[in-house]
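Here is what each chain is made of, one letter per residue.
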Amino acid sequence: MNATRRGLLTALPIVGAGVLGVGFWKMLQGMESGGFDPRAIKNPNVGRPIPEFAMPGLPGLGDGFTDKELKAETRPVLVNFFASWCIPCVQEMPGLRSISRNMPIWGIAYEDKPENASAFVQRDGTPYARVASDRHGRVAIDWGVTGVPESFLVAPGGRILWHGSAALDPQIYDAEIRPRLAGL
Amino acid sequence: MKRLSALLLAVALAGGGIALAVDDPSEMLPNSVQEKRAEAIGAHLRCLVCQNESIEDSSAPLARDLRKVVREQVAAGKSDQQIMDWMGDRYGEFIRLAPQFSWSTALLWLMPALALVAGLVIAWRATRSRIVTPVPLSDDERARLDALSGRE
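Residues numbered from 1 in each chain as written. Chains lettered and ligands numbered in written order. Predicted model: local features only at pLDDT ≥ 70, side-chain atom pairs only at ≥ 80, totals over all residues.

*Asks:* Explanation requested: the overall build of chain A in the structure shown.
*Replies:* The helix and strand tally for chain A stands at six helices and seven strands. When the elements of chain A are put in sequence order from the N terminus, they spell out α-β-β-α-β-α-β-α-β-α-β-β-α. Its C-alpha atoms give chain A a radius of gyration of 22 Å, more than 25% over the compact-globule value 16 Å for 184 residues. (Helix = DSSP H or I, 4+ residues; strand = E, 2+ residues; numbered from the N terminus. Rg over C-alpha atoms; globule rule 2.2 N^0.38 Å.)

In structure tokens, the structure reads:
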């Protein structure tokens, strides 16, 4: 075995291990800074038109809404899936109320008893311009929702511009949603 | 004591086996052929809540809803491919426990074949280099061998 071959055979595993090491280090750093989430699910509906649906309303909060009504909106709408049984949804309510001063939010109660959802929404003042009930979570499946809360930014005409699966607050609104409104 | 813990373990394992698949027998389709097909499809769909279980194994509410969708579509006569595409359309490639073959998954799918070929090449080269054609001894070497072995 000559010297160059021996050198190559020694270098290959070291370089391989080095590349793996740098890769893992970058992943761990991303997980720490929040730039990389191995459990994140990329929603394929972003960039597509909203799915078809028609949902009833909640008691005391008016009629529900349909995809046609959402498409007919002339302003962008933030669609928020929530439930009264979901703790992050309780936490995001003050944030939603503050965001609702800037843009309309349409709420969809996910797998929730209508009376519970209605009481939850009205307890501290509703952030929602309109609310509908997805009693059995079937509409949520069409949107690719995997849990609550999840939110979608819908452009006039009904195209989904953005999807978020964390509880919303004014910081996320400023960083993720407001820049996308500027382009409309 | 040992026997008791063995018994407890056996009961726990048996219970675990029963707890797999559907939570509630009323979820199952009355037609056993269709139910088998629905279970096979569900076993290839990821539960997006637990992420390392199939929707057939998971008891998350979303998995239950997706199992129901699979059964409705099987009963409606949809093909396996149509049902997988319906799911992929909503939740993306991630919902397939076995990703489809594409440019980004080519290395993943071809790795066993690549590893086998590489192993065969390495094995072939290793056996080849070990066969050394014997070179006849030179006169000096023969003389030394004779001296060492005491032959004169």
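*Asks:* Honestly, the domain arrangement of chain A in this entry has me stumped. Any pointers?
*Replies:* One frequent convention defines the size of an interface as the accessible area lost when the parts assemble. On domain assignment, one finds that chain A holds domain 1 (1-33) and domain 2 (54-182). Here the C-alpha centre of domain 2 of chain A lies 47 Å away from the C-alpha centre of domain 1 of chain A. (Domains from an automatic or database assignment.)

*Asks:* Help me understand the interface of chain A and chain B, please; the structure alone is not making it clear to me.
*Replies:* Listed by partner, the interface residues are twelve residues for chain A and twelve residues for chain B. Residues belonging to the side of chain A that touches chain B are distributed by class as follows: three nonpolar, five polar and four charged. (Contact = placed C-beta atoms within 7 Å. Nonpolar A, V, L, I, M, F, W, Y, C, P; charged D, E, K, R; others polar.)

*Asks:* In this structure, what is going on with the sheet that holds strand β3 (residues 77-82) of chain A? I would like to understand it.
*Replies:* The strands making up a sheet associate through hydrogen bonds between their backbones, and the pairing can be parallel or antiparallel. Residues and elements named next belong to chain A. One open sheet accounts for five strands, arranged β5-β4-β3-β6-β7; its pairing is mixed. Both outer strands of the open sheet, β5 (130-134) and β7 (160-164), are each paired with one neighbouring strand and no more. Put simply, the sheet's adjacent strands are angled 20° from each other on average, direction ignored. The sheet contact formed by β3 and strand β6 (residues 150-154) spans five bridges and is antiparallel. In the sheet register, Val 77 faces β6, and the bridge partner there is Val 154. (Pairing = 2+ DSSP bridges. Axes fitted to C-alpha atoms, helices over the stretch in contact; angles between N-to-C directions.)

*Asks:* Got a minute to help me understand the nonpolar core in this structure?
*Replies:* General note: in soluble globular proteins, nonpolar side chains tend to be found buried as a group. Within the largest apolar cluster, 40 residues are counted, with the highest numbers of intra-cluster contacts made by Ala109(A), Tyr110(A) and Val154(A). Those elements giving two or more residues to this core turn out to be β3, α3 (87-99), β4 (105-110), α4 (114-123), β5, α5 (138-143), β6 and α6 (170-182) of chain A. Counting 16 residues, the second-largest nonpolar core is a separate cluster that includes Ala38(B), Leu48(B), Ile55(B) and Met87(B). (Core = buried A, V, L, I, M, F, W, Y, C linked by C-beta atoms within 7 Å. Buried ≥ 20, exposed ≤ 12 C-beta atoms within 10 Å, placed from the backbone.)

*Asks:* Looking at this structure, I do not really get unusual backbone geometry. What am I missing?
*Replies:* Backbone geometry follows two general trends: most residues other than glycine have a negative phi, and most peptide bonds adopt the trans configuration. In this structure, Pro149(A) follows Val148(A) across a cis peptide bond, with omega equal to -5°. Considering the arrangement of structural elements, one finds Pro149(A) in the loop between α5 and β6. Positive phi outside glycine occurs at Glu111(A), with the angle close to 45°. Judged by the 20 C-beta atoms lying within 10 Å of it, Glu111(A) is buried. Its identity as a non-glycine residue notwithstanding, Gln51(B) has a phi of 70°, on the positive side.

*Asks:* Mind showing me how you'd approach the confidence of the model for chain B here?
*Replies:* Residue and element names in this part refer to chain B. When pLDDT is averaged along chain B, the result is 85, and 84% of the positions lie at 70 or above. Note on residues 15-20: pLDDT under 50 across the span, and one contact to partners over four residues away in sequence or across chains. As a predicted assembly, this complex carries a pTM of 0.78 together with an ipTM value of 0.83. (pLDDT = per-residue confidence, 0-100.)

*Asks:* What is the right way to look at the pairing of β6(A) in this model?
*Replies:* Looking along a regular strand, one sees side chains alternate from face to face of the sheet. All names here are of chain A. Counting buried residues along β6, five of its five residues qualify, which places the element largely inside the surrounding structure. Of the two faces of β6, the one carrying Glu 150, Phe 152 and Val 154 and the one carrying Ser 151 and Leu 153 are both buried. With four bridges joining them, β6 and β7 adopt antiparallel strand pairing. Bridging from a neighbouring strand, Leu 153 pairs with Trp 162 of β7. Between β6 and the antiparallel strand that follows it, β7, lie five residues; Gly 157 among them carries a positive phi value of about 100°.

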